[in-house]
Amino acid sequence: MTTPHSIRTANESDLPALRPLVQAALVHDRDAADVLDLLWTQAASRPRLRLLAETDGHPVGLVVGALGPATEDVPATGHIDLIAVHPQAQSRGIGRTLLTRAEELITAAGATRLMMRGRPPYYAWPGIDIRYTRAVCLAESSGYTRGREGLNMSVDLPTAPLDTAADEARLAAAGVQVRRLTAQDEKPFLAWMARWGGTWDGEAARALAYDPPRGHVAVREGADAVEYVGFACHGVNRRSWFGPMGTDSALRGMGVGTVLLRRCLADQLAAGLDEAEIGWTGPVHFYARGVEARLGRVFWTYSKDI
């Protein structure tokens, strides 16, 4: 006989019990408790959803999601950011019950599309790590369609080539200085980031919240002001993850990106990490050549129209 479970909204007082639950469920994420804290503090502009499943008063499952409001190009979209069921409570329908209830609430709030994929500025992963087979099966049996694949790469920090002295001297001779972000950079740097028109400005802003800042920039000193031509950040969402990064198209091929990448990874090594993860990797060859990164995790994204 299946033990009955109840569903309710989770609150701040539940967090101490939810961290070990999530850690037990997400066996492929050593920092799972930190991921929960990250997702728990989603941007206030997006209504949040936190549902807890309990059996005999003990938490056994959790779903965290949010509603993204409609824009000119995108309909109101519900995001399922996390589903976790304690290993001892799996195969009892708890995950499906949580997902179904979350979908009902998000749809009632106006969503016309549902997604299981990472979303900035607080994304924890590209999608579902395919090693979480039960989660993949739940998504596909619940009517979600598989979409874009996300790849992560891993870097062994103690053995990676992280020295940048020669390349920084070469760039300096060409008028490009690479340095750490500072508090004085905040306004001009974020204004420059906003002009990129992407979704990285929120993550880059959080790099400035740390002491020292978790980011480096490439700049050219102009007659009137500093001109930013590249940036890279680390640990802004997950402590062991690298990114985002970008280089002005006019300077690509000069090695600016490699220097920025190595500087960030050197920070992570100095912070005591032995491995860094490059999230949602694009140019695989760039990372493999620059820091001997290797392909690691594979994520599948999912969506469903209401």
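Remember, it's a predicted structure, so these values are computed and weren't measured experimentally. (Residues numbered from 1 in each chain as written. Predicted model: local features only at pLDDT ≥ 70, side-chain atom pairs only at ≥ 80, totals over all residues. Heavy atoms only, no water.)

## Here's the deal with the overall build of the protein chain
Going by this rule: Helical segments are the DSSP runs of H or I of at least four residues, strand segments are the runs of E of at least two, and each set is numbered from the N terminus. Whether two residues touch is decided by their heavy atoms; if any such pair falls within 4.5 Å, the residues are in contact. Note on areas: Shrake-Rupley with a 1.4 Å probe; residue coverage comes only from the protein chains shown.
Secondary structure summary: the protein chain contains 9 helices and 13 strands in total. Across its three principal axes, the protein chain shows a C-alpha extent of roughly 75 × 45 × 35 Å. At a minimum sequence separation of 6, the contacts of the protein chain that also span at least 24 residues come to 72%. When the accessible area of the protein chain is evaluated, it comes to approximately 14400 Å², of which 52% is carbon and sulfur surface.

## Describing the state of the cysteines
Rule in force here: Pairs of cysteine sulfur atoms within 2.5 Å are identified as disulfides in what follows.
Summed over the entire model, instances satisfying the criterion amount to 0 disulfides. Sulfur of C264: no disulfide; nearest cysteine sulfur belongs to C233 and is 6.5 Å away.

## Considerations on unusual backbone geometry
Let me state the cut-off plainly: The buried label goes to any residue with under 20% of its type's maximum accessible area, the exposed label to any with over 50%, and the partly exposed label to all in between, with areas taken from a 1.4 Å probe on protein chains only.
A cis amide bond links D211 with the next residue in sequence, P212, at an omega value of 0°. Within the secondary structure, P212 sits in the loop between helix 7 (201-207) and strand 9 (215-221). Across the junction of G243 and P244, the peptide omega takes the value 5°, indicating a cis bond. The topology assignment puts P244 in strand 11 (residues 241-247). The residue W280 is not glycine, and still its phi comes out positive at about 50°. By the secondary structure assignment, W280 is in the loop between strand 12 (275-278) and helix 9 (284-291). Phi at E292 is positive, roughly 60°, even though this residue is not glycine. Note on placement: E292 falls in the loop between helix 9 and strand 13 (294-305). E292 gets classed as exposed once you look at its relative accessible area, which sits at 51%.

## A closer look at the pattern of salt bridges
Defined as follows: Only one rule defines a salt bridge in this text: a Lys or Arg side-chain nitrogen within 4 Å of an Asp or Glu carboxyl oxygen.
Counting across every chain of the model gives 21 salt bridges. Across the salt bridge formed by D29 and R238, the nearest N and O atoms sit 2.8 Å from each other. Here D29 is found in the loop between helix 1 (15-25) and helix 2 (32-40), whereas its partner R238 is found in the loop between strand 10 (226-234) and strand 11, with 209 residues between them in sequence. Here D29 matches R238 in class, with each residue buried. Between E277 and R297 there is a salt bridge; the shortest N-O distance is 3.5 Å. With E277 in strand 12 and R297 in strand 13, this pair connects stretches of sequence that are 20 residues apart. Connected through shared salt-bridge partners, D29, D31, D129, R131, R238, E277 and R297 make up one network.

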